[in-house]
Amino acid sequence: MRATDAPAGLHRHDYATRDQFAEALAAGVSAKLAGGIATRGHASLAVSGGSTPKRFFEVLSKAGLDWSSVMVLLVDERLVPPDHERANAGLVRRHLMQNRAAEARFVPYVVDGHTPAECARLSQAAFEQDGHRLDACILGMGTDGHTASFFPGGDRLAEALDPEGDDKVLPIFAEGAGEPRLTLTLPPILDARFVALHIEGAEKRTTLETALGGTDVDAMPVRAVLHQTATPVHVFWAP
């Protein structure tokens, strides 16, 4: 499928450099957060892990917002101790919760001392504590076609992708994921006021084109986001 054949609700933003990419995405997200603060007095942002968002986080952390009115959450998390090197919470604390953004309220997942199901229940309660509809949700994508923790072969993938599902956070395990995970489900992601998929490099671009060129969601779960028509999705890419 050519880029021009993308679904009508998909908006693609290509940049020449990763610095330009980070600046543009940070500008878009900060505008959405500022709008939430102006209209409702608060705003919420869900972010993903991995190596791609580091520069974006660092740029966004300097945005001139009333960060004390912003709640930051994770799209997904590994069920590892909070200080584990692979914990997404640590990445967010190191690269986003600094500079002006240090004033934001970070609400990580509950990952210790409970079964995965209990961790999911407690994390969902934290997600719902202010009744927030996300102002912005920033997704990543793996070369296997996963986004959030929607991995091919995930044991609760169908539940996580159910557009009518009531759960906002679920535990999920897949061979390709490494550790068991907690993830936002599809409904709260697509309910966000701004949804962005940020990817870098030629390999990820090829993965995106493959995902756009087929409809098998089980094989490439990111298609559940890319091919739906209810929510506009903005794809940010740089080489």
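Novice: For this particular structure, what's the right way to read helix 7 (residues 202–212)?
Specialist: Three or four residues apart is the spacing at which side chains of an α-helix point the same way, because the helix has 3.6 residues per turn. Listing the buried residues of helix 7 in full gives Lys204, Thr207, Leu208, Ala211 and Leu212. Taken around the axis of helix 7, the buried residues stretch over an arc of 135°, which confines them to a single face. Along helix 7, the residues that are exposed and aim more than 90 degrees away from the buried face are Ala202, Glu203 and Thr206.

Novice: What's the story with the pairing of strand 6 (residues 136–139) in this structure? I'm lost.
Specialist: Consecutive residues of a regular strand have side chains that alternate between opposite faces of the sheet. Residue alternation in strand 6 divides its side chains into two sets, Ala136 and Ile138 and Cys137 and Leu139, and both sets are buried. In the sheet, strand 6 pairs with strand 9 (residues 195–200) via three bridges, with the strands oriented parallel. If you follow Cys137 over to strand 9, its bridge partner there is Val195.

Novice: Help me out: how do you make sense of the sheet that holds strand 4 (residues 76–78) in this one?
Specialist: Within a sheet, each strand pairs with its neighbour through backbone hydrogen bonds, oriented either parallel or antiparallel. One open sheet holds the three strands; their spatial order is 4-8-7, and the pairing between them is antiparallel. If you trace the sheet from one side to the other, it starts and ends with strand 4 and strand 7 (169–172), each paired once. Strand-to-strand, the axes of this sheet are offset by a mean angle of 20°, without reference to chain direction. Here strand 7 runs beside strand 8 (residues 181–184); their pairing, made up of four bridges, is antiparallel. Residue pairing in the sheet places Leu170 in a bridge with Thr183 of strand 8.

Novice: I would appreciate a short explanation of the sheet that holds strand 5 (residues 105–107) in the present structure.
Specialist: Taken together, seven strands build an open sheet; the order of strands is 1-10-9-6-2-3-5 and the sheet is parallel. Because the sheet does not close on itself, it has two edges, and the strands there are strand 1 (10–14) and strand 5. In this sheet, adjacent strand axes meet at a mean angle of 20° when their direction is disregarded. Running at roughly 165° to strand 1, helix 7 makes contact with strand 1, strand 9 and strand 10 (233–238) of the sheet.

Definitions and cut-offs
- Residues numbered from 1 in each chain as written.
- Predicted model: local features only at pLDDT ≥ 70, side-chain atom pairs only at ≥ 80, totals over all residues.
- Heavy atoms only, no water.
- Buried < 20%, exposed > 50% of the residue type's maximum accessible area, 1.4 Å probe, protein only.
- Helix = DSSP H or I, 4+ residues; strand = E, 2+ residues; numbered from the N terminus.
- Arc of directions from axis to C-beta.
- Pairing = 2+ DSSP bridges.
- Axes fitted to C-alpha atoms, helices over the stretch in contact; angles between N-to-C directions.
- Contact = heavy atoms within 4.5 Å.

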